[in-house]
Amino acid sequence: MDTLLRRTFQTLLPLLLWLAAAGVAHAQQPDGADLNISPKRLVLGGANRSGVVYVFNRGTAGASYAIELVDRVMLEDGQIVPLAEVTTGTDAANTASRLQSARAMITFSPRRVTLGPGESQTIRVRVLPPQGLGKGEYRTHLTVATLPPEDAGLTAEQAAATSENELSTRVVALLALSIPLIVRQDVLPGTITINRPALRPRNEGDAKDSPGAVDVQLARAGEGSSYGNLEVLAQKGNGKPEPIGAIKGIAVYPEIAVRATSIPLVRMPAAGEQITVRYTDDDATPGKVLATANVDAR
């Protein structure tokens, strides 16, 4: 064909990062923007009907962010997926049907911010429970997403420089971070039991610097979620327990009864050591040991 075809497409590649370390969710973008959110979760209810979330741009470039509420559901493997993406008729859909959304009762401001390097913004959050709200735990997720810069598309000069029949694309990485907003109506956090702790050597899914992991199942009971930190302790005889593995910020939400997870180890247990898994609260009673289980290290 002799027809001149010149097409220019702007491709947006959303990258959803879920990090919760040291109380701050964090994601870094290649162009120099560096998004942080604190705290890592917000629990409301009872007399506590308002709170604040801080958004930081720690990077070297300015950026604009859209802020919205998105309902997300937790699956038994720990994945947290947007409710809108759950396929009807699947096991995930059965799980999602148990989610109690807080989206309609949450208000927040502002909904869009532009931050220069080193700047921050306070997001004010308030819960307005409807009259007669039933007992239970309700949840939605405050999501902060980077907006594409105004110059994200190709310029006229760049488009004109393409050859005939050539498809031009430009990839722009957009980062999004979410934190849960939890509304508790006359319920307490759930209780946790550690089931089936099993030591195993490293597999392909583990960090490269980890020689192995302890796989566990966290069984939740009650009407509320649980949130805490997992730790693996090694002890020989009457010696002091030594931490040999840990993972922070582990939640088990009310839509699931059991969550499977793995605790990466910094070293494998030595002969004769007793291995214990400990789950410590980071919710209503921070630091309180909620559950322990011994691991067969043979």
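In this text the structure is predicted, and so the values were computed from the model without any measurement.

1. Concerning the overall build of the protein chain
A tally of helices and strands in the protein chain yields 2 helices and 20 strands. Considering the protein chain as a whole, with its 298 residues, one finds that 43% of them fall into the buried category. Sequence-distant contacts, at least 24 apart, represent 70% of the contacts inside the protein chain between residues at least 6 apart.

2. Re unusual backbone geometry
Cis geometry marks the peptide bond from Ser38 to Pro39, where omega comes out at 0 degrees. One can find Pro39 in the loop between β3 (34–38) and β4 (42–44). With an omega of 0 degrees, the peptide bond between Ser109 and Pro110 qualifies as cis. Tracing the backbone through its elements, the reader meets Pro110 in the loop between β9 (106–109) and β10 (112–115). Although it is not a glycine, Arg196 adopts a positive phi angle of roughly 50 degrees. As for its position among the elements, Arg196 is in strand β14 (residues 191–201).

3. Points about the packing of aromatic side chains
Following the criterion strictly, the structure yields 1 aromatic pair and no others. Positioned over the ring face of Tyr253 is Arg139, at 3.8 Å from the centre of the ring.

4. Here we look at the sheet that holds strand β15 (residues 212–221)
The strand order β14-β15-β18 describes an open sheet built from 3 strands, whose pairing is antiparallel. Looking at strand neighbours, the two that pair on one side only are β14 and β18 (258–264), the edges of this open sheet. Strand-to-strand, the axes of this sheet are offset by a mean angle of 20 degrees, without reference to chain direction. Relative to β15, β14 runs antiparallel, the two being bridged by 9 bridges.

The rules we used
- Residues numbered from 1 in each chain as written.
- Predicted model: local features only at pLDDT ≥ 70, side-chain atom pairs only at ≥ 80, totals over all residues.
- Heavy atoms only, no water.
- Helix = DSSP H or I, 4+ residues; strand = E, 2+ residues; numbered from the N terminus.
- Buried < 20%, exposed > 50% of the residue type's maximum accessible area, 1.4 Å probe, protein only.
- Contact = heavy atoms within 4.5 Å.
- Phe/Tyr/Trp six-rings, centres within 6.5 Å; stacked < 30°, edge-to-face > 60°.
- Lys NZ or Arg CZ within 6 Å of the ring centre and 35° of its normal.
- Pairing = 2+ DSSP bridges.
- Axes fitted to C-alpha atoms, helices over the stretch in contact; angles between N-to-C directions.

Interpretation note: all reported values are geometric properties and have no functional meaning in isolation.
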